[in-house]
Amino acid sequence: MAGATRTHCPYCSLQCGIHLASRDNGIPELTGWEDFPVNRGGLCMKGVNAAELIGHPERLTVPLARDRPGLPLRPVSWDDALDRVASAIKRTQQRYGRNAVGCFGGGGLTNEKAYQLGKFARVALRTANVDYNGRFCMSSAAEAANQAFGIDRGLPFPLSDLAAADVVLLVGSNPADTMPPAEQWLEAGRERGACHIVVDPRQTSTAKLAHRHLRSLPGTDLALANGLLYIAIREGLVDQDYIARRTTGFEAVRRAVRADWPDRTERTTGVSVADLTATLRALASARSAMILTARGAEQHADGTATVTAWINLALALGLPGRNRGSGWGTVTGQGNGQGGREHGLKADQLPGYRKLADPTDRAQVAAVWGIRPGELPEPGVSAYEMFERIGTEGGMRVLLLGASNPVVSAPNATRVAERLAALDLLVVTDFFLSESARLADVVLPTTQFAEEEGTLTNLEGRVLRRRRAVPAPPGVRTELEIWHALAERLGRGEHFPADPRVVYDELRRASAGGIADYSGISWDRLDAGEELFWPCPDETHPGTPRLFTESFPAPDGRARFVAVSYRGTTERPDDRYPYLLTTGRSRTHYQSGAQTRRNTALAAAEPNAYAEIHPELAAPLGIASGDAIRLTTRRGSVVVTARLTDAIRSDTVFVPFHWPRVNNLTSARLDLTSRMPEFKSCAVSVTAVNSRVRVPDFKENHG
Ligand code: SF4
């Protein structure tokens, strides 16, 4: 579109290309960017409606502060707001130590913001307490990929490779609903005869389009993967040559799965022996085959082991790096969850995917930051643990929360809200008064996607430019400007430039030589329209769209098998909580819904929280579609609307997590390695609610 600004959707990890063209009313016209190779003009209903966020009447445009706990938030000047925050930081750190102040960032922050917030925590605050919302989303897949391949990039190949796969196995992934523009690549594969298999307790839109649907019990995907590997070994279908040439550790995995015989796997997972055998034979006989996992497989207390089991299967079949259309990948979710951990917003990581615990990594990053390595804090604890420890010895008393809404998005959310309320000072930077911002003592209004410059990294490791299409409203600032102003008040302003291009160039230097090497991806190359995937170690390098074609990034060049066993760690149903609850995304809303629940069309399409239940579960309880029902777990309860559907297992309830209080239900049991919570399964009871009780609507949810 002539004269329009090319940028990207503000929501999910696909980062669809969009055009924003000026209009007289100040709200730009938003259309799909036809030439952008990820979505090729396609957008989902969230993306199509994203322009309404610009100029939204609920937009924050002045800083707000609370004079005392219990008093309402009131408008204050920027200087007043920033002075309050800086003096609270100094006072608190003097009295309780550096770790008494912490930072938590959203998974949608640009690369520059993620980099700068991680640096702000380590250099301006010198605190170990920093983490980000991507911990809740992709960390188990990241751990598993790092162990197996020595690198974590959501998809190690371009999304378009899905079209070249003769067989695709999607485990706990529903792109047809959650990222519909991605579906075009799967559709292209089906049109030329590819076979698609979906593992999911629900018959999702993706499962309906597939050739085979394995309706597994939530929390049993590890058993399923190991059971498939057992069949591959028994039938002589593993790729012995690939295993010998490109991997190490297979023998231990072979021993670990020797008791995962098919009828045992059927009893554990609910997937028939016939389906197991047919699935394995399809994968093993295909010229090209892909195994893709997503949150359905990953958000469990054994999420890292579960992803590892699927990677073991992929390696045993010789898929990663074999040819175009083969491999393993994770379909990541949040807009820049990938960039957030590459650039050091995770508790244990430094920019370039370096490790805070590694002396060499510390020295390299400290040199770029102009500080001594000893000034850097040690690795901190994970997101939920940070919240859990608020107010305790070594825990936070002041929190800077950047563009995240954990009161809705964290597990065991009642507990998280209680802990946030126990802070001495909660500072939220955001552009809407989210449920978490409502708890804040200071709220700092920020720019949003169409008003700012920067870069993001999508699920393929493709680096993208976010471009300003409209001026920001008077009175709001970018996060980079806010952290610069705070750092100045803390005596470290010279370390925190506010220009995103300057920050990006520093990020490139800090990443040089690291796993996620951006040093060759210049702002100018991105603006010239080059398609660049990291790693890209110099400005003549073409980037790396496909990893593993020659070797894996380990010293010996080999991928690692890691033996894992199914232990049934999921919270199981009992007499009091007789069903399994699983959560996920709907077609209409994004993450905590702080943005999409404020959109007219999206809110009209799905105004309130609902749960999908099977008619056989509903009938004995006297529940009809549209009734208010109460879901109760060991942590809390919520009233939602019942949607009866035979697309869900009769022992399982599905509830989307975009509304307040839904995550009061979910479990905060953490994966031992990744520290990712178990959002995807817990035991639940379902009761019909007195007809006088209504499902709370959006406005009531916002207090
Ligand atoms: Fe935006 Fe994701 Fe929808 Fe694309 S699929 S339009 S990136 S929400």
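Residues numbered from 1 in each chain as written. Predicted model: local features only at pLDDT ≥ 70, side-chain atom pairs only at ≥ 80, totals over all residues. Heavy atoms only, no water.

**Q** Describe the overall build of the protein chain, and please don't skip the residues or the numbers.
**A** A count of helices and strands for the protein chain gives 25 helices and 27 strands. By its C-alpha atoms, the protein chain is 70 × 65 × 55 Å across when sized along the principal axes. The 703 residues of the protein chain split such that 65% are buried. Here the analysis covers contacts within the protein chain between residues at least 6 apart in sequence; of these, 73% occur between residues at least 24 apart. Approximately 23400 Å² of the protein chain is accessible, and the part contributed by carbon and sulfur atoms is 49%. (Helix = DSSP H or I, 4+ residues; strand = E, 2+ residues; numbered from the N terminus. Buried < 20%, exposed > 50% of the residue type's maximum accessible area, 1.4 Å probe, protein only. Contact = heavy atoms within 4.5 Å. Areas by Shrake-Rupley, 256 points an atom, 1.4 Å probe, with all protein chains shown as cover.)

**Q** Give a description of the sheet that holds strand 12 (residues 289–293) that names residues and reports values.
**A** Taking strand neighbours across the sheet as the criterion, the five strands line up as 10-9-8-12-13 in an open arrangement whose pairing is parallel. Across the chains shown, the open sheet's two edge strands, defined by having one partner strand only, are strand 10 (212–214) and strand 13 (327–330). Averaged over all neighbouring strand pairs, the angle between strand axes comes to 15°, with direction disregarded. Sheet topology note: the strand 12/strand 13 ladder contains four bridges and is parallel. By the bridge assignment, I291 is partnered in strand 13 with W328. Contacts between helix 12 (residues 273–285) and the sheet are confined to strand 8 (167–171), strand 9 (195–199), strand 10 and strand 12, with strand 10 contributing the most and set at about 125° to the helix. (Pairing = 2+ DSSP bridges. Axes fitted to C-alpha atoms, helices over the stretch in contact; angles between N-to-C directions.)

**Q** How would you sum up helix 4 (residues 139–149)? Please name residues and give values.
**A** Counted residue by residue, helix 4 has nine buried out of eleven residues, so it is predominantly covered. Residues of helix 4 that are buried include every one of S139, S140, A141, A142, E143, A144, A145, A148 and F149, and no others. Lining the buried residues of helix 4 we find helix 13 (295–298), helix 14 (303–316), strand 13, helix 15 (337–342) and strand 21 (559–560). In the segment just after helix 4, G150 is the residue with positive phi, at about 80°.

**Q** Any chance you could break down the domain arrangement of the protein chain for me, citing the residues and the numbers?
**A** According to the domain assignment, the protein chain contains domain 1 (5–55), domain 2 (64–125 + 336–527) and domain 3 (579–702). Once you take the C-alpha centre of each, domain 2 and domain 3 turn out to be 31 Å apart. Counting from both sides, the interface comprises 17 residues of domain 2 and, opposite them, 21 residues of domain 3. Both sides of the domain 2 and domain 3 interface together cover about 1500 Å² of buried area, and 57% of this is carbon and sulfur. If you sort the residues of domain 2 by the area they bury against domain 3, V408, P411 and E435 come out on top, with a joint share of 31%. At the junction of domain 2 with domain 3, the criterion picks out two salt bridges. When contributions to the side of domain 2 that touches domain 3 are tallied by element, the ones reaching two or more residues are helix 17 (383–388), helix 18 (406–409) and helix 19 (413–421). Classifying every residue of the side of domain 2 that touches domain 3 by side-chain character gives eight nonpolar, six polar and three charged. (Domains from an automatic or database assignment. Buried area = accessible area lost by both parts, 1.4 Å probe. Salt bridge = Lys/Arg side-chain N within 4 Å of Asp/Glu carboxyl O. Nonpolar A, V, L, I, M, F, W, Y, C, P; charged D, E, K, R; others polar.)

**Q** How would you summarise the environment of G584 if you had to cite specific residues and measurements?
**A** Positionally, G584 belongs in strand 22 (residues 579–584). With a relative accessible area of 8%, G584 lands in the buried category. It is 7.8 Å that separates the C-alpha atoms of G584 and G296, two residues lying 288 residues apart in sequence. Not counting the four nearest positions on each side in its chain, G584 is found in contact with F654, V655, P656, F657, H658 and K680.

**Q** Before we move on, could you go through the layout of surface pockets and cite the residues and values that matter?
**A** Approximately 410 Å³ is the volume attributed to the largest pocket. The set of elements that each furnish at least two residues to the lining of the largest pocket consists of helix 2 (78–96), helix 19 and strand 17 (425–430). The element contributing the most residues to the lining of the largest pocket is helix 2, with six residues. Across the lining of the largest pocket, the residue classes tally to ten nonpolar, two polar and eight charged. One number sums up the size of the second largest pocket: a volume of about 290 Å³. What lines the second largest pocket is a set of 15 residues, among which A301, D302, A305, D671 and L672 lie closest to the centre. Considering each element in turn, the lining of the second largest pocket owes the most residues, three residues, to helix 14. (1 Å grid on protein atoms, 1.4 Å probe; cavity = no way out; pocket = protein on both sides within 12 Å on 5 of 7 lines; lining within 4 Å. Points joined across faces, edges and corners; volume = space filled by probe spheres on them.)

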